Amino acid sequence: MPMVDIDWLKDHVEVPEDLTYEQLARDLVKVGLEEEEIHASQVTGPIVVGYVVDATPEPQKNGKTINWCHVDVGDEYNEVDENGNKVPRGIVCGAPNMKAGEKVVVTLPGAVLPGDFRIEPRKTYGHISNGMCASERELGLGDSHDGIILLREYGFTPAEYEALKPGDDAMHLLHLDQPLLEINITPDRGYALSYRGVAREYHHSTGAAYVDPVSALDGKTPLAEGLEPGTPTDIEVSIEDDNPIHGVPGCDRYYARAIRGFDPSAKTPNWMRRRLIRAGVRSISLAVDVTNYVMLDLGQPMHAYDMDKLEGPIVVRRAREGEHLVTLDGKDHELSVEDLLITDSPNGERGSRIIGLAGVMGGLYGEVTAETKNILLEAAHFDQVSIARSARRHKTPSEASRRFERGVDTQLQPAAAQMAAELLIRYGNGEASEHPTDVNNVPRRRAIHFKSTEVARVTGLDTDVNRICDILTDIGCGVAGGGNGEFSIMPPSWRPDLNEPCDLVEEIARLVGYDEIPVTVPPAPVEGEVGLTDDQRRKRQVADELAEYGLVEALTYPFVGDEDYRAFAYDADEIKRVSVEIANPLAGDRPFLRRDILPTLAQTVRLNLRRGLENVSLYEIGHVYLWDPQAPAIPALPGGVRPTDEQLAALDAGLPAQPMHVAGILTGNAVETGWLGERRAVDWSDAVEAVRRISDRLGADLTLDQPAPDDVPAQWHPGRMARVLAGQTVVGVVGELHPHVNEALGFPAHSAAFELDLTALFAALDNAPIQARPISTFPPVKQDLAFTVPQSVTAAALEDAIREAAGEVLESIELFDVFTGDQVGEGMKSLAYAVTFRAVDRTLGSEDSETIRKAIIDRAAELGAQLRA
Amino acid sequence: MAQQAVFDAQAVTEAVAEGIARIENASSTEELKAIKTQYAGADSAMTQASKAIGALPADQKKDAGKLMGKLRADFGRAFGARETELKAQEEARALASETVDMTLPIRRKPLGARHPLAKVMEDWEDFFISMGWRISSGPEVETEWFDFDALNFGPDHPARQMQDTFYVKGSQARDAAGFVGSNMVLRTQTSSDQVRALLEYGVPLYIASPGRVFRTDELDATHTPVFHQCEALAVDKHLTMADLKGVLDKLAVAMFGPEAKTRLRPSYFPFTEPSAELDLWFPDKKGGAGWLEWGGCGMVNPNVLKSAGLDPDVYTGFAFGMGIERTLLLRHDINDMHDLVEGDVRFSKQFVMGE
């Protein structure tokens, strides 16, 4: 983003002598130009003016010739000889342009140059060199390292040069001590990508006197209109756009002006080079530097062509299929029919030679060179969209395209060319043409109908109508009307962002000051539901329950890739087919979005284990993304218009389902009481417990269904995995991870996990209030029942059978013992239950309990269960 | 058959006196019990003497009875008093022997922890719920229309290119600028919920949408490609920027304490006009209270209202959005984004169930 140099800003607006960069940043941020950074000076002194008293060439064995010099750096910094007299410093200098009588820049011991280059006395070529005569590059002033800085060549007037005394502070002289303010320009403020614009904003913020430099330049610009018919202009220009985007011509103004008799050997003045370099722009040649300088100063991107290489007419047209252009940076671009080109017409072939990608970058052909004597300056106005697309398409954003895509002033072109012409002539001689070409098809802007009451309606500011008028006038608007507080506002040519009343409201609010807006609190809305929805509350319940159970919540990135698929024993091809894929992933190895949480959560468990933590049990609530390969393409629709219901449906139809899941992974010890001595490793039961707690917390009555080992997915232990059901709907899985998975992830054996689809689970819950059952005060009957059952009969099945047989009088049933072994026989297991019966309406007698007991035994027998004696 | 005892007043008085003396010297309830058996049990002199009263002449019975009553009472009193003493001593000894070091570390059922980001999002929700607003949420894989176009980021808008968007492969179409793509992105902002909510619920609308957003920034100390925002949107008749400022100040106080407040600076967002950057006056800022960037806000751009089919001459609205991470980093002096992102249990456990 642009750099603001107070020294340059002063050209257009009055600033206080003692203005600091910190204060400047505060002033600009008030009106919306945000500080990015204040760049401190890269250099510390002492760096002073030195007068070369003598320079003795001393040829060296290595073929070089060095100069042993004595440089007067003023009383304060000169050396003291054995008699106590101040004498010039001895300095070794290898620069070919060093000679006696020059005024140079001396960096003295203690100085620090860019790159943390510390100046110290050093022994070299048989002398003690007590300082260094600096080149531009060494001071960060430019690329030049051909020789040291000779202040004689540095753009001072003879009187100024004469006044330079040994020992004068060269830091200040060369602006080395100056910081720089880097600001952010929001996309609506293209005009602020210039000193002209920043100065205007500084004026808005502080009221400082501002003069638009364009006014004076416009006064000096030769008339392009109203000339005698047939007066030859500098070059014929034709805009022939046969493929405008959104019906907007790619170029609506092309202004060209010739400078003839230019001295190609002319050098850029040092002040300009310094300003360019401080703005982060390389100095290349006077012609190029001037176009860049004008762009930074006024905001008009320009191009300088070698006029002798062009053959008119210049044709501004769209590219044709198959055309190529090699741009200035040497890159070859295959052009699109949407690219706008600048072409000329060699051998009478109209528009046949491409000399630039309009508004983005010039071509190799036609560029000014070290031999160019006649220059054609181009100052044009291009369509924002066309330039933005070309820059995006060819990945060549430039200083020019950044300005064009944000919108350039449509009336700036003659003034910009005038300013460039003046600078070229002043520093490079030549003569500016009095007959520039100006093809101007800029459409007349629509005035904005503005009701002053809009300010109060939108901002709550009670602003006087006169104040509103003043502000709009000050930002450059033409203000007409005013009856009934209604105005016709013509925005200034440099503000393409001002089109609607709300845009003007913002201008008024920001210049009155957002601080002036009152503070009110809107009353609570009276329509619509209140409070969290059931599902929002349930999500919190699940999250809190798991944390209370002892798990730690994590929020993992949803990105997965081959490594995760491998660790989790997924068929990579199969899962990729149904996964959302990122087109521009950060890490190339994780370009997909997860379909379940466990693989990404596992990475976080792993990170904790690798850091030497133990008993790591984590959970996460988040979304997963289920790609449907058959999903229809999503249409592109315009904004600012409500889509039809069909269009809205089409938008959503193309999106993947993104249910919310909860998953947990448990590793290490489930019980670990320290000195109390109780310790137990995690296994499947801890994961089931987590699911049961969620179920209880939600009142969900989740049940488990254990598939046959062959039907268990590869991620899970074949004998220790169950599906979680809400009613008949499968909503998740629980169990121990397969030993291979635990091993691949570096988890302890028997690490357990679960994952539930909360979207499906919540949908399966009925929201009816719980119907309370009466509490019986009659005495209970308690019995223990132990059954021998085949291994294939699940505990859940037997318990269901008991509940069913016992009916309403069953108050509770608890499985208190499970065992297998010789006692119960091969393929069998023993399940022992403590059951409690209690009736609501009477005391159960022994006959009652005998009847119930018999019913239970009979029902259990159907499952192959035998009551044990 | 025991010999029929003869009532001997002196003997029994002495025996009881002896018993009482033994009681007083008894050192345990067990010994006391034995003494009772010896001096008041079936075979004791006292019992025998009582039995012998029957054999006395009638005129002596009364005195003998009286004597025995007194002896029994004396014995009983002595026994009771000593028993109380001894029981208290014994209980004190037992309690002393059961004394434990109550400061021993006990963690039988340790709590886990909520992630502070998740908790702070619940705080945000609670703030808005307390004002009577609703919480809404939209999809993370979102159409470009909801993430950009509906919010006045046209296909060629410079800001659209500035968002560092993750694009999604998928069924290919041409986007509005003619570039081939799926018209689907990982949402870059929770503002993508604005038009969804307007279309779903209509107006008046007061909603907050906390959630995950995505930008193509590599993880470093201050950036993360996956982060969280909370968007708030109010659309009604008669809402102004003054209402926006009021809600922001209240939110700042809810998040950062009674001295917190907010300040607006002019800025630009395609979906608001006027737009503002939002600064927070943070009393607990390291190195002294000061202003810090907190989020963006503004009055809903008429084009956004039009995207939802609303008349901007009738309705106005305001919207704001902040980074949840930023809120946490500020409030808890967290210096490195890695801590928020990595899921190291040591980090979250500092916050336990709150934040």
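Residues numbered from 1 in each chain as written. Chains lettered and ligands numbered in written order. Predicted model: local features only at pLDDT ≥ 70, side-chain atom pairs only at ≥ 80, totals over all residues.

Chemist: Help me understand the overall build of chain A in this model?
Modeler: Secondary structure assignment for chain A yields 24 helices and 44 strands. Expected size for 869 residues packed as a compact globule is a radius of gyration near 29 Å; at 41 Å, chain A overshoots this value by more than 25%. The principal-axis extents of the C-alpha atoms in chain A amount to approximately 125 × 85 × 60 Å. For chain A, the proportion of its 869 residues judged to be buried stands at 42%. Within chain A, counting contacts between residues at least 6 apart in sequence, those at least 24 apart form 71% of the total. (Helix = DSSP H or I, 4+ residues; strand = E, 2+ residues; numbered from the N terminus. Rg over C-alpha atoms; globule rule 2.2 N^0.38 Å. Buried ≥ 20, exposed ≤ 12 C-beta atoms within 10 Å, placed from the backbone. Contact = placed C-beta atoms within 7 Å.)

Chemist: What is the right way to read the sheet that holds strand β33 (residues 617–623) of chain A from this model?
Modeler: Two orientations exist for strands paired in a sheet by backbone hydrogen bonds: parallel and antiparallel. All names here are of chain A. Sheet architecture is open: seven strands sit in the order β30-β33-β34-β40-β39-β38-β37, paired in mixed fashion. Taken across any chain shown, the strands that pair with only one partner, and hence form the sheet edges, are β30 (552–553) and β37 (703–705). The pairing of β37 with strand β38 (residues 716–726) spans three bridges and is classified as antiparallel. If you follow T703 over to β38, its bridge partner there is L725. (Pairing = 2+ DSSP bridges.)

Chemist: What's the story with the domain arrangement of chain B in this structure? I'm lost.
Modeler: How big an interface is tends to be expressed through the accessible area that disappears when the partners come together. For chain B, the domain assignment lists domain 1 (9–97) and domain 2 (116–354). Each of domain 1 of chain B and domain 2 of chain B has a C-alpha centre, and the two are 89 Å apart. (Domains from an automatic or database assignment.)

Chemist: Can you help me understand the confidence of the model for chain B in this one?
Modeler: As a note on interpretation, predicted positions should not be read in detail where pLDDT is low. For chain B, the mean per-residue pLDDT works out to 90, and 94% of the residues sit at or above 70. Confidence metrics for the complex model read pTM 0.85 and ipTM 0.88. (pLDDT = per-residue confidence, 0-100.)

Chemist: Looking at this structure, I do not really get the interface of chain B and chain A. What am I missing?
Modeler: Between chain B and chain A, the residue contacts involve 95 residues of the former and 91 residues of the latter. Among the elements that line the side of chain B that touches chain A, the one with the most residues is helix α9 (residues 241–256) of chain B, at eight residues. Residue composition of the side of chain B that touches chain A, by class: 45 nonpolar, 25 polar and 25 charged. (Nonpolar A, V, L, I, M, F, W, Y, C, P; charged D, E, K, R; others polar.)

Chemist: Explanation requested: unusual backbone geometry in the structure shown.
Modeler: A negative phi angle is the norm for most residues apart from glycine, just as the trans form is the norm for most peptide bonds. Omega for the peptide link from G312(A) to P313(A) comes to -5°, which places this bond in the cis form. With an omega of -5°, the peptide bond running from V203(B) to P204(B) counts as cis. Within the secondary structure, P204(B) is located in the loop between α8 (193–201) and β7 (205–214). The phi angle at Y125(A) is positive, at roughly 45°, despite the residue not being glycine. With respect to the element layout, Y125(A) can be found in the loop between β11 (122–124) and β12 (127–129). Since 15 C-beta atoms lie within 10 Å of it, Y125(A) is described here as partly exposed. You will see that N152(B), though not glycine, has its phi angle at about 75°, which is positive. By the secondary structure assignment, N152(B) is in the loop between α6 (144–147) and α7 (158–161). Note on N152(B): 22 C-beta atoms within 10 Å, which makes it buried.

Chemist: What am I meant to see in the UniProt feature "binding site: Mg(2+)" (unreviewed entry) in chain B here?
Modeler: As annotated by UniProt and renumbered to match this structure, "binding site: Mg(2+)" (unreviewed entry) occupies E273(B). With respect to the secondary-structure elements, E273(B) resides in strand β10 (residues 272–282). You can call E273(B) buried: it has 26 C-beta atoms within 10 Å. Filtering out sequence-adjacent residues up to four positions away, E273(B) remains in contact with C502(A), D503(A), E506(A), G298(B), M299(B) and N301(B). (UniProt positions renumbered as here; feature names shortened; annotations may be inferred.)

Chemist: It is not clear to me how the UniProt feature "binding site: Mg(2+)" (unreviewed entry) in chain A should be interpreted in this structure. Could you clarify?
Modeler: Residues and elements named next belong to chain A. The residues that UniProt annotates with the feature "binding site: Mg(2+)" (unreviewed entry) are D497, D503, E506 and E507. Within the element layout of this structure, D497 appears in the loop between β29 (486–490) and α14 (501–512). Residue classification places D497 among the buried positions, given that 20 C-beta atoms sit within 10 Å. Within the secondary structure, E507 is located in helix α14. In this structure E507 comes out as buried when scored by C-beta crowding, with 26 C-beta atoms within 10 Å.

Chemist: How do you make sense of the pairing of strand β35 (residues 669–672) of chain A when you look at a structure like this?
Modeler: When a strand is regular, its side chains alternate between the sheet's two faces. Residues and elements named next belong to chain A. With three bridges connecting them, β35 and strand β36 (residues 679–681) associate as antiparallel partners. Its bridge partner being in β36, N669 is matched across the sheet by A681. Where β35 folds back onto β36 in an antiparallel hairpin, the turn is made up of six residues, including G674, whose phi is positive at roughly 70°.

Chemist: Looking at this structure, I do not really get the environment of G19(B). What am I missing?
Modeler: Residue and element names in this part refer to chain B. Within the secondary structure layout, G19 lies in helix α1 (residues 9–25). Judged by C-beta crowding, with 23 C-beta atoms within 10 Å, G19 ranks as buried. When the C-alpha atoms of G19 and L151 are compared, they prove to be 103 Å apart, with 132 residues separating the residues in sequence. Contacts of G19, omitting those with residues within four sequence positions, involve I35, Y39 and F75.

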